[in-house]
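Here is what each chain is made of, one letter per residue.
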Amino acid sequence: MFYYLLKYVLLGPLLRLVFRPRIEGLAHVPSSGAAIVAGNHLSFSDHFLMPAVLKRRITFLAKAEYFTGPGLKGRLTAFFFHSAGQIPVDRSGKEAGQAAIREGLGVLSKGELLGIYPEGTRSHDGRLYKGKVGVAVMALKAGVPVVPCAMIGTFEAQPPGRKIPRIHPVVIRFGEPLDFSRFQGMEKEKAVLRAVTDEIMYAILSLSEQEYVDRYAADVKAAEEKRKAEEKRRTPRMPLR
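Only a predicted model underlies this, so the values are computations on that prediction, with no experimental measurement involved.

About the thresholds
- Residues numbered from 1 in each chain as written.
- Predicted model: local features only at pLDDT ≥ 70, side-chain atom pairs only at ≥ 80, totals over all residues.
- Heavy atoms only, no water.
- Pairing = 2+ DSSP bridges.
- Helix = DSSP H or I, 4+ residues; strand = E, 2+ residues; numbered from the N terminus.
- Axes fitted to C-alpha atoms, helices over the stretch in contact; angles between N-to-C directions.
- Contact = heavy atoms within 4.5 Å.
- Core = buried A, V, L, I, M, F, W, Y, C linked by side-chain atoms within 4.5 Å.
- Buried < 20%, exposed > 50% of the residue type's maximum accessible area, 1.4 Å probe, protein only.
- Phe/Tyr/Trp six-rings, centres within 6.5 Å; stacked < 30°, edge-to-face > 60°.
- Expected span 1.5 Å × (residues − 1).
- Polar contact = N/O pair within 3.5 Å; in protein donor to acceptor, adjacent residues only side chain to side chain.
- Salt bridge = Lys/Arg side-chain N within 4 Å of Asp/Glu carboxyl O.

1. Side note on the sheet that holds strand β8 (residues 171-174)
- Here we have 7 strands laid out as an open sheet, ordered β1-β8-β7-β2-β5-β3-β4, and mixed in their pairing. Only two strands of the sheet have a single neighbouring strand rather than two, namely β1 (22-24) and β4 (87-89). Across this sheet, the average inter-strand angle for adjacent strands is 25°, counted without regard to direction.
- Packed onto the sheet, helix α6 (residues 134-142) meets β2 (35-39), β3 (58-63), β5 (113-116) and β7 (146-152) and runs at close to 165° relative to β2.

Dropping the structure here:
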């Protein structure tokens, strides 16, 4: 109930007014039945803009940190995401990944839309990064199509670290559904999972026209944070006078 209140009354109209998103290829999203919508992830705003333009309800696998924040702000954020039907996912470790897959398959088993960002985290520099194979596992196990989606302009509207979005043109582009039925029963084959994931990421890339990096975003972020920390440690401090 609260999901539709947000979509049609509280948040959806505001998002459409501020961002005035241009929607392309919406007809590619199935009007019924289970499907995965796999998109690039450039901004916190992505969580709200895509559901605002879809005709059907979509459930996202959201990082657990959104549900466990401290204080009043944390409780309000958790309430918001729970009420919007989003599922918390602990992203630490292999077992956490299996739990996310189980949750996603539960959504698909109900004939619903599942939203997922195969990169696993927001892009910190606007580029598209290597996808994780969880999306392929769910697509093959559930036997559902994958609709690629590109969010364009949301990085400029709300880059990482910016709390209040700036007004900037946004395009939300959906591609033709990808059918992986030819790989039915092969969801345990690592080479197949990698091939399926790469095909999904290529479809997203074709829609978004981003620069592609064949590395995981989390690894690149960690390496850059380490480099910055080392540079800061090596920088001599100016003596106090």
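2. Section: the nonpolar core
- Core analysis: the largest hydrophobic core is formed by 31 residues, its most contacted members being I36, M138, V146, F180 and I200.
- Those elements giving two or more residues to this core turn out to be β2, β4, α5 (94-109), β5, α6 and α8 (190-208).
- No other element matches α8, which puts 8 residues into this core.
- Setting aside residues up to four positions removed in sequence, I200 forms contacts with A38, V135, V146, L178 and F180.
- Core analysis: the next-biggest nonpolar cluster, separate from the first, contains 27 residues, A35, A52, F67 and I172 among them.

3. Things to note about the packing of aromatic side chains
- This model, assessed by the stated rule, comprises 2 aromatic pairs.
- With 5.3 Å between their ring centres and 70° between their planes, F44 and F48 make a pair best called edge-to-face.
- Residue F44 is classed as partly exposed on the basis of its relative accessible area of 24%.
- Taking the relative accessible area as the measure of exposure, F48 reaches 17% and is therefore buried.
- A ring pair is formed by F60 and Y117, whose centres lie 5.3 Å apart and whose planes are at 20°; its orientation type is stacked. Highlighted residues: F60 in strand β3 and Y117 in the loop between β5 and β6 (128-129), separated in sequence by 57 residues. The same class applies to F60 and to Y117, which are both buried.

4. What to know about α8
- Compared with an ideal rise of 1.5 Å per residue, which puts 19 residues at 27 Å, α8 spans 27 Å between its outermost C-alpha atoms and is within 8% of the ideal.
- Buried within α8 we find V192, L193, R194, V196, T197, I200, M201, A203, I204, L205, L207 and S208.
- Each element contacted by the buried residues of α8 is listed here: β2, β6, α6, β7, β8 and β9 (212-213).
- Of the residues flanking the end of α8, it is E209, one or two places downstream, whose phi is positive at about 60°.

5. Focus: the side chain of S43
- Take S43: it is sitting in the loop between β2 and α3 (46-53).
- Reaching out from S43, the side chain makes a polar contact with the backbone nitrogen of S45 at a distance of 3.0 Å.
- Beyond its immediate stretch of four places on either side in the chain, S43 contacts R122, T154, F155 and Q158.

6. Quick look at the pattern of salt bridges
- A full pass over the atoms with the stated rule returns 7 salt bridges.
- In this structure, E211 and R127 form a salt bridge, with 3.5 Å as the shortest nitrogen-oxygen distance. You can see E211 sitting in the loop between α8 and β9 and its partner R127 sitting in the loop between β5 and β6, a full 84 residues away along the chain.
- In this structure R127 comes out as partly exposed when scored by relative accessible area, which is 24%.

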